[in-house]
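Structural description and commentary
In case you want the letters, here they are:
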Amino acid sequence: MENQLNYYKISRAEWKEFYKEHIVPLTKGELARIMSLNDRISQADVSEIYMPLVHLIGLRWKIQQQKLKQQAEFLGKKKPQKVPLVIGIAGSVAVGKSTTARLLQTLLKEIYPHKKVQLITTDGFLYSTAELKRRHILSKKGFPESYDMDRLLRFMDDVKNNLPAKAPVYSHKIYDIVSGEYELVKDVDILIVEGINVLQLPSNQQLYVSDYFDFSIYVDAREELIKQWYLERFDMLLDLAAQDKSNYYYAYAIGDRQAAHAMAKDVWQKVNHPNLLEYILPTRNRADLVLTKGKNHLINELYLKKY
Ligand SMILES: Nc1ncnc2c1ncn2[C@@H]1O[C@H](COP(=O)(O)OP(=O)(O)OP(=O)(O)O)[C@@H](O)[C@H]1O
Ligand SMILES: CC(C)(CO)[C@@H](O)C(=O)NCCC(=O)O
C-alpha cells in the first residue's frame, strides 16, 4: 500500500507498544487456549498485533455505546436501543480473512466472556451454482454480480435492528450453497462479517454493506503471496477431498496433481486475479484499518485511518 494521506502508517514494532499500558496481558493459559483454537496463527501475531487491535475495537465499542445513549436521551427514551457492534473484514480470495476473523472472534470472546460474539461470511450470499448457471455467470463466482446483495443488505438491516437474522451457508467442499442450511444470528453483541465484497457498493442500491459497520479491516498482501496461499490451500483441499467421494474436488484429488495445479493456477488468473484488481483492491481505502501481511502470513505493517 502506498503512503496515503488519510492513513497513519504504523510498523509492527510501533503497533505492539500500543496496548501494553491499557490491557491486562493474556495469561500463558489463555494464550495457550487461543492458540489451540487457531493453530495457524503465530503466537507473536496474537500478542503483538491482535491484542492491540482488540483494544482499539473495545474503544470504538465504547464510543458506539455513548452515541446510542446520547441519541436515546435526545429522543426522550428511557434507555438506548440495543444495537450490535459490527466488524467487517475484507480482502482478496485466500488472503486469510476467515483465519483473521476466527481469531478475532476467539479473542473477543476471551476478553468479553459475557458477550455473544458471532461470525458470518458473505460467501453464503453467493447465488447457488444452479442460479449462477441460469444467469450465465458461473465463471464469475466472487464478482459483484454473483452475490445476492439485496439479501445481504436485508440481513445487515435485521442484525442492526437486533432482529433474528439468517445467513445462508456456503461450502468449499461442495463448491456451492448448502441448501436449507443457515447460521442464525440472534441477540448478538458483536458480529464479525467477513467476505471479499463487504466494502463494495451494490450496483442497484443506495446503501453500502459497510454503512452497517462500526469498524472495518482490509487484509492485504502482495498478489504473488496471495496466489501462493491460494495454491497451498488448494493442495490442502485436495488432500482432504481424496478421502471423500462427495467432495467437489474428488476427481482432481485422485487424478494427476500437476494437471490439478495447472487448473487452480488458471482459475486464479482468469477469476480471482481480475476480481482482486477490478473489484476488491479498489475498496481497500474504505477500511478503517489495513493489515499488511508478508511471508508466512506475518503482519508487518498496519495502516490506520486518521479520520
Ligand atoms: N495467519 C496465518 N498463518 C498461517 N496460515 C494462514 C494464516 N492466515 C491464513 N492462512 C492460510 O491461508 C489460506 C487462506 O486463508 P483463509 O481461508 O482464511 O482465506 P480467506 O481470505 O478467508 O479465503 P476465501 O475468501 O477464499 O474464503 C488458508 O490455507 C489458511 O490456512
Ligand atoms: C467463494 C469465493 C468467491 C470467496 O471466498 C472464492 O473462494 C471462490 O470460490 N472463487 C471462485 C474461483 C475459485 O474457485 O477460486
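Residues numbered from 1 in each chain as written. Chains lettered and ligands numbered in written order. Predicted model: local features only at pLDDT ≥ 70, side-chain atom pairs only at ≥ 80, totals over all residues.

What to know about the pairing of strand 9 (residues 299–305)
Using the following cut-off: Only strands that DSSP links by at least two bridges are regarded as paired with each other. Strands here mean DSSP runs of E at least two residues long; helices mean DSSP runs of H or I at least four residues long; both are numbered from the N terminus.
Bridge count for strand 1 (residues 7–11) against strand 9 is five bridges, and the pairing is antiparallel. The residue of strand 9 that forms the bridge with Ser11 is Glu301. Pairing of strand 8 (residues 289–293) with strand 9, which is carried by five bridges, proceeds in the antiparallel orientation. The partner of Thr292 across the bridge, within strand 9, is Glu301. With antiparallel pairing between neighbouring strands as the criterion, strand 8 and strand 9 make up a hairpin whose turn holds five residues, including Asn296 at a positive phi of roughly 60 degrees.

Section: the UniProt feature "domain: Phosphoribulokinase/uridine kinase" (unreviewed entry) in the protein chain
Rule in force here: UniProt positions are given in the numbering used here, feature names are shortened, and annotations may be inferred rather than shown by experiment.
When the UniProt feature table is mapped onto this chain numbering, "domain: Phosphoribulokinase/uridine kinase" (unreviewed entry) sits at residues 86–233. For the annotated span residues 86–233, helix accounts for 30% and strand for 26% of the residues, and the straight-line distance between the end C-alpha atoms is 28 Å.

Observations regarding the site of ligand 1
Let me state the cut-off plainly: A residue counts as near a molecule or strand when its C-beta atom, positioned from the backbone, falls within 6 Å of it. Residues are grouped as follows: Ala, Val, Leu, Ile, Met, Phe, Trp, Tyr, Cys and Pro are nonpolar; Asp, Glu, Lys and Arg are charged; every other residue, Gly included, is polar.
As a matter of local geometry, ligand 1 sits amid 16 residues, with Gly96, Ser98, Thr99, Arg233 and His297 nearest to it. Mapped by element, the contributors of at least two residues to the shell around ligand 1 are helix 4 (97–111) and helix 7 (223–241). Looking at the shell around ligand 1, the element that brings in the most residues is helix 7, giving four residues. Of the residues in the shell around ligand 1, the class split is seven nonpolar, five polar and four charged.

Observations regarding the UniProt feature "binding site: ATP" (unreviewed entry) in the protein chain
Counted only if it meets this: Once C-beta atoms are placed from the backbone, each residue is buried if 20 or more other C-beta atoms lie within 10 Å of its own, exposed if 12 or fewer, and partly exposed for counts between those two. Two residues qualify as a contact pair if the distance between their C-beta atoms, derived from the backbone, is within 7 Å.
As recorded in UniProt, the feature "binding site: ATP" (unreviewed entry) lies at Gly91, Ser92, Val93, Ala94, Val95, Gly96, Lys97 and Ser98. Assignment of secondary structure puts Gly91 in strand 2 (residues 85–91). Exposure remark for Gly91: the 29 C-beta atoms within 10 Å place this residue in the buried category. For Gly91, the residues in contact, after removing those within four places along its chain, are Lys97, Ile196, Tyr218, Val219, Asp220 and Ile280. Relative to the assigned elements, Lys97 resides in helix 4.

Structural notes on the nonpolar core
In plain terms, the rule: Buried Ala, Val, Leu, Ile, Met, Phe, Trp, Tyr and Cys residues form a nonpolar core when they are connected through C-beta atoms within 7 Å.
Among the nonpolar cores identified, the biggest contains 76 residues, and Ile87, Leu191 and Ile192 are the most heavily contacted of them. Counting residues per element, this core draws most heavily on helix 3 (residues 43–74), at six residues.

Quick notes on the pairing of strand 6 (residues 190–194)
Burial runs high along strand 6: five of the five residues are buried. Burial along strand 6 is two-sided: the residues Ile190, Ile192 and Glu194 and Leu191 and Val193 are all buried. Note that strand 3 (residues 117–121) and strand 6 share five bridges and pair parallel. Residue pairing for strand 6: Thr121 is matched across the bridge by Glu194.

A look at the site of ligand 2
Surveying the vicinity of ligand 2 reveals the residues Val93, Asp123, Lys141, Gly142, Ile196, Val267, Val271 and Asn272. By residue class, the composition of the shell around ligand 2 is four nonpolar, two polar and two charged.

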